[in-house]
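Topology and contacts: notes
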Amino acid sequence: MPSKKGKWGVAHILSTSNNTIVHITDLTGAETIARVSAGMMTDKDREGGMPFPAMLAAKKAAEEALAKGIVGVDIRVRGPGGPKSRPPGAGAQPAIRALAKAGLKIGMIEDVTPVIHGYMRPKGGRRGRRV
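Below or above, wherever it landed, is the structure these notes cover. (Residues numbered from 1 in each chain as written. Predicted model: local features only at pLDDT ≥ 70, side-chain atom pairs only at ≥ 80, totals over all residues. Heavy atoms only, no water.)

1. Points about the sheet that holds strand β1 (residues 7–15)
With mixed pairing, the five strands of this open sheet are ordered in space as β3-β2-β1-β4-β5. The two strands at the open ends of the sheet, each matched to only one other strand, are β3 (32–37) and β5 (105–111). Recorded for the sheet is a direction-independent mean angle of 15 degrees between the axes of neighbouring strands. Summarising the sheet, β1 and strand β4 (residues 70–78) pair through eight bridges and their orientation is parallel. Of the residues in β4, the one forming a bridge with A11 is I75. Set on the sheet, helix α2 (residues 92–101) makes contact with β1, β2 (20–26), β4 and β5; between it and β1 the angle comes to about 160 degrees. (Pairing = 2+ DSSP bridges. Helix = DSSP H or I, 4+ residues; strand = E, 2+ residues; numbered from the N terminus. Axes fitted to C-alpha atoms, helices over the stretch in contact; angles between N-to-C directions. Contact = heavy atoms within 4.5 Å.)

2. Here we look at the side chain of S37
Its place among the elements puts S37 in strand β3. The residues touching S37, leaving out its near neighbours within four places in the chain, are N19, T20, I21 and A57.

3. Focus: the pattern of salt bridges
Pairing between side chains of opposite charge can happen when the charged atoms of each approach one another. Here the structure, examined in full by the defined rule, presents four salt bridges. Between E47 and R46 there is a salt bridge whose closest N-O contact spans 4.0 Å. Note that D111 is salt-bridged to R86, the shortest N-O span being 3.5 Å. Here the residue D111 occupies a position in strand β5, and R86 occupies one in the loop between β4 and α2, the gap between them amounting to 25 residues. For D111, a relative accessible area of 42% gives the class partly exposed. For R86, a relative accessible area of 44% puts it in the partly exposed group. (Salt bridge = Lys/Arg side-chain N within 4 Å of Asp/Glu carboxyl O. Buried < 20%, exposed > 50% of the residue type's maximum accessible area, 1.4 Å probe, protein only.)

Here it is as structure tokens:
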């Protein structure tokens, strides 16, 4: 729902158990405006999928977008999907809240997690991942 007062964009949020990536593009999705991950916000690898670094990443991406003239975003949240688990990780909701708190208008929020139809073999081979 673009308005007359400023440009709108799309915020793609990929949230897994290990990381959260906030990628803000124009409405077509072709031009990247800002891309920040939660792993870039912390020096500890294990903290990439946690809510606080995800919130910091979304805040930084929103600041970059606002500086480039974006006033509002439609949000597309994606989880791991496929043969992996369906729900998004722990960083998705804090990232959405941080985008709104940073001053971006929020249009629609949709879940674009890929859903398998039928059966897809999980990776790792017949006997699984051997450690």
